[in-house]
Amino acid sequence: MELPFYLTFKEFESHYYDTLEKWFEEYHNASEIDYLKSLADLYSPYLYYSFAGDRLLADASMEIKDCFFPYHEKIGISFCTNCENEKPSKPAKGMNHIFEWKTITMMEYAQHILDKINRHLSKNNSSPEGNKSILDYINDYEVVTLREGAGYCVNYNRHQAAVPFLKAYLPYYGQTVNIAVYRDFIFSVVQIAEYIDRKLKAVQAFEYTVYAKLKSEAKFKVQMSHQFLTICN
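All of these numbers come straight from a predicted model, not from anything done at the bench. (Residues numbered from 1 in each chain as written. Predicted model: local features only at pLDDT ≥ 70, side-chain atom pairs only at ≥ 80, totals over all residues. Heavy atoms only, no water.)

Colleague: Quick question: what am I supposed to make of the nonpolar core here?
Modeller: Most often, soluble globular proteins keep nonpolar side chains buried together rather than apart. The biggest cluster of nonpolar side chains holds 56 residues, and the ones touching the most others in it are Tyr-43, Tyr-109, Phe-165 and Ile-196. Looking at this core, the element that brings in the most residues is helix 6 (residues 179–202), giving 9 residues. Here Phe-165 is in contact with Phe-5, Leu-7, Tyr-46, Met-106, Ala-110, Tyr-182 and Phe-185, once residues within four sequence places are set aside. (Core = buried A, V, L, I, M, F, W, Y, C linked by side-chain atoms within 4.5 Å. Buried < 20%, exposed > 50% of the residue type's maximum accessible area, 1.4 Å probe, protein only. Helix = DSSP H or I, 4+ residues; strand = E, 2+ residues; numbered from the N terminus. Contact = heavy atoms within 4.5 Å.)

Here you go:
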């Protein structure tokens, strides 16, 4: 069952038991703990554990490749390191991008995907085909991964983690994302996590809480960082 992704705490709370009922209808032998664990997995990527305040904070971001200086003829400048007389010594296969990792907000990522979809539509019929809307193209491999010179290069496997958020956030039609809706999500995601954790604590399932999961991951990162610095010294 694909759990719905909610952008506001009010929506999440009001639909909690309706979704739980559907969960039981599909998974007859599952428990509410299983349901809560799935919800924790769904929302934890948009949070992080803060050692300073010993609490969860919103962190809706995406790490993505920022590609630049692709095969020089594509953008009219030459940065070809294996060229003779500004021509490749061997035939170039596709676009060999140079890139750097960049962290962007999920709102920026959503706008990037929306732009890709709208460019795809403008090249075809200038509107979604048949009864399709923008949401029908969110996970279209050809649309999402298309490279058009320099810019963000979407990794399709990484993209899968963002699909639930995109389905909830992107408009059915239009050119821009809604900043106010995104702001509401940033304010709500911590409340959603705290609600999930309260439910898990009520049944003594502390180890499955979003808090415990993200705190453990944060401690592990710190330990790995210390070990790396020890090795370097």
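Colleague: Would you explain the packing of helix 1 (residues 9–26) against helix 6 in this entry?
Modeller: For any two helices packed against each other, the geometry is given by the interaxial angle and the distance between the axes. Following both chains from N to C, one finds helix 1 and helix 6 inclined at 30 degrees, their axes separated by 9 Å at the closest point. Of the possible angle classes, the one that applies to helix 1 and helix 6 is roughly parallel. Contacts from Phe-9, Phe-12, Glu-13, Tyr-16 and Tyr-17 of helix 1 reach helix 6 at Ser-188, Gln-191, Ile-192, Tyr-195, Ile-196 and Lys-199. Its residues assigned to classes, the contact of helix 1 with helix 6 shows 7 nonpolar, 2 polar and 2 charged. (Axes fitted to C-alpha atoms, helices over the stretch in contact; angles between N-to-C directions. Parallel < 35°, antiparallel > 145°, perpendicular 65-115°, else oblique. Nonpolar A, V, L, I, M, F, W, Y, C, P; charged D, E, K, R; others polar.)

Colleague: Looking at this structure, I do not really get the layout of surface pockets. What am I missing?
Modeller: If you roll a probe as big as a water molecule over the atoms, it shows you where there is empty space left. Its volume calculated, the largest pocket comes out at about 420 Å³. Lining the largest pocket we find 20 residues, and of these Ser-44, Pro-45, Leu-47, Asp-59 and Lys-221 sit closest to its centre. Listing elements by their share of the lining of the largest pocket, those giving two or more residues are strand 1 (47–50), strand 3 (61–68), helix 5 (156–169) and helix 7 (210–232). No other element matches helix 7, which puts 5 residues into the lining of the largest pocket. Broken down by class, the residue content of the lining of the largest pocket amounts to 11 nonpolar, 3 polar and 6 charged. (1 Å grid on protein atoms, 1.4 Å probe; cavity = no way out; pocket = protein on both sides within 12 Å on 5 of 7 lines; lining within 4 Å. Points joined across faces, edges and corners; volume = space filled by probe spheres on them.)

Colleague: Just checking my understanding: could you explain helix 1 for this structure?
Modeller: Residues lying three or four places apart along an α-helix face the same way, a consequence of the helix completing one turn every 3.6 residues. In a regular helix each residue adds 1.5 Å, so 18 residues correspond to 26 Å; helix 1 covers 25 Å between its end C-alpha atoms and thus fits that length. The sharpest bend along helix 1 measures roughly 50 degrees and falls at Tyr-16. Here helix 1 has its buried residues at Phe-9, Phe-12, Tyr-16, Thr-19, Leu-20 and Trp-23. (Expected span 1.5 Å × (residues − 1). Bend = angle between axes of the 7 residues up to and from the residue.)

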